[in-house]
Amino acid sequence: MNILQQSPSFAIHTRPAIILTILLSVVLSVTCPMQEVYAQSNTIYLPIIQPTGCEQLSSKETEIVMLVQRHPGQQRESVQCNSTLIQVAREKAMDLGLRNYMAHVDPDGIGPDQLVRNAGYQLPNFYGYDVDSNYIESIAGGRLEAETWDIWMNSPGHRMHLLGEVDFYAEQTEIGIGYAYVENSTYKHYWVFFSAHSEEDEE
């Protein structure tokens with residue numbers, strides 16, 4: 001005779017508990033196998049570390065920054081996002097679409113160097129002050145981020161700029177990236193990348 005038969009009162013209170021325990025074990029074994037429970041409880045989620053100041057970027061813009069930062073051919077020791085360069089890059093990307101042109105110098109005759117200076121970014125004096133000069137900008141249109149990156153990497157001049165393959169660009173450790181989508185325009189997708197060396201860094 002087992003214990004349940006010897007003690008009816010014990011059996012009355014214990015059977016539901018035993019049945020519930022068995023059912024719970026079955027449910028857990030089906031919906032959450034032990035190895036999965038163990039794996040989940042030991043998973044460590046590490047944040048994606050972005051260069052300083054890049055938190056305000058969109059996901060598309062962030063992808064370009066990550067490609068800049070992680071490319072094995074990158075010659076800059078480090079890169080840091082600059083909020084002014086990001087702002088101007090976005091404005092320029094949108095302007096490319098809204099005024100439907102693809103050029104470093106805008107329809108008003110203003111180049112990238114002057115655009116960032118107008119926004120308060122202090123480029124070094126030796127860059128000169130020609131209103132249409134460009135020592136800091138790469139642009140692209142018509143493609144999303146991965147294809148845009150490939151186009152830049154297959155263009156010697158753009159590759160040199162984005163990867164800092166010469167000392168002039170390697171010293172430009174502050175960057176900004178801007179993306180804009182303009183439906184009723186020639187290229188629809190517009191990208192502007194800035195790298196610059198602030199005069200303030202020399203002080």
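Refer to the structure printed above.
Notes on the structure follow.

What counts, and at which threshold
Residues numbered from 1 in each chain as written. Predicted model: local features only at pLDDT ≥ 70, side-chain atom pairs only at ≥ 80, totals over all residues. Heavy atoms only, no water. Pairing = 2+ DSSP bridges. Helix = DSSP H or I, 4+ residues; strand = E, 2+ residues; numbered from the N terminus. Contact = heavy atoms within 4.5 Å. Axes fitted to C-alpha atoms, helices over the stretch in contact; angles between N-to-C directions. Disulfide = S-S within 2.5 Å. Buried < 20%, exposed > 50% of the residue type's maximum accessible area, 1.4 Å probe, protein only. Salt bridge = Lys/Arg side-chain N within 4 Å of Asp/Glu carboxyl O.

1. Quick word on the sheet that holds strand β4 (residues 189-196)
Here is step 1 of the chain: The four strands are arranged β1-β3-β4-β2 in an open sheet whose pairing can be described as mixed. Every interior strand has two partners, whereas the edge strands, β1 (80-81) and β2 (137-141), have only one.
Here is step 2 of the chain: Examined bridge by bridge, β1 and strand β3 (residues 174-181) share two bridges and lie parallel to one another. Paired with Q80 across the strands is E174, a residue of β3.
Here is step 3 of the chain: Where helix α5 (residues 83-98) meets the sheet, it contacts β1, β2, β3 and β4, and its direction lies at approximately 30 degrees from that of β3.

2. Points about the state of the cysteines
Here is step 1 of the chain: For the structure shown, the criterion picks out one disulfide.
Here is step 2 of the chain: Here C54 pairs with C81 through a disulfide, and the sulfurs are 1.7 Å apart. The chirality of the disulfide connecting C54 with C81 is right-handed, given an S-S dihedral of about 85 degrees. Of this pair, C54 sits in the loop between α3 (34-41) and α4 (59-70) while C81 sits in strand β1, placing them 27 residues apart in sequence. Accessibility assignment for this pair places C54 and C81 in one class, buried.

3. A few points about the pattern of salt bridges
Here is step 1 of the chain: Tallied over the entire structure, the rule returns eight salt bridges.
Here is step 2 of the chain: Here K92 and E137 are joined by a salt bridge, their closest N and O atoms 2.9 Å apart. Linking K92 in helix α5 with E137 in strand β2, this pair joins segments that are 45 residues apart in sequence. Grouping residues by exposure puts K92 and E137 together as buried.
Here is step 3 of the chain: D95 is the salt-bridge partner of R99, the closest N and O atoms lying 2.9 Å from each other.
Here is step 4 of the chain: It is possible to trace a salt-bridge network through shared partners that takes in D95, R99, D106 and D108.

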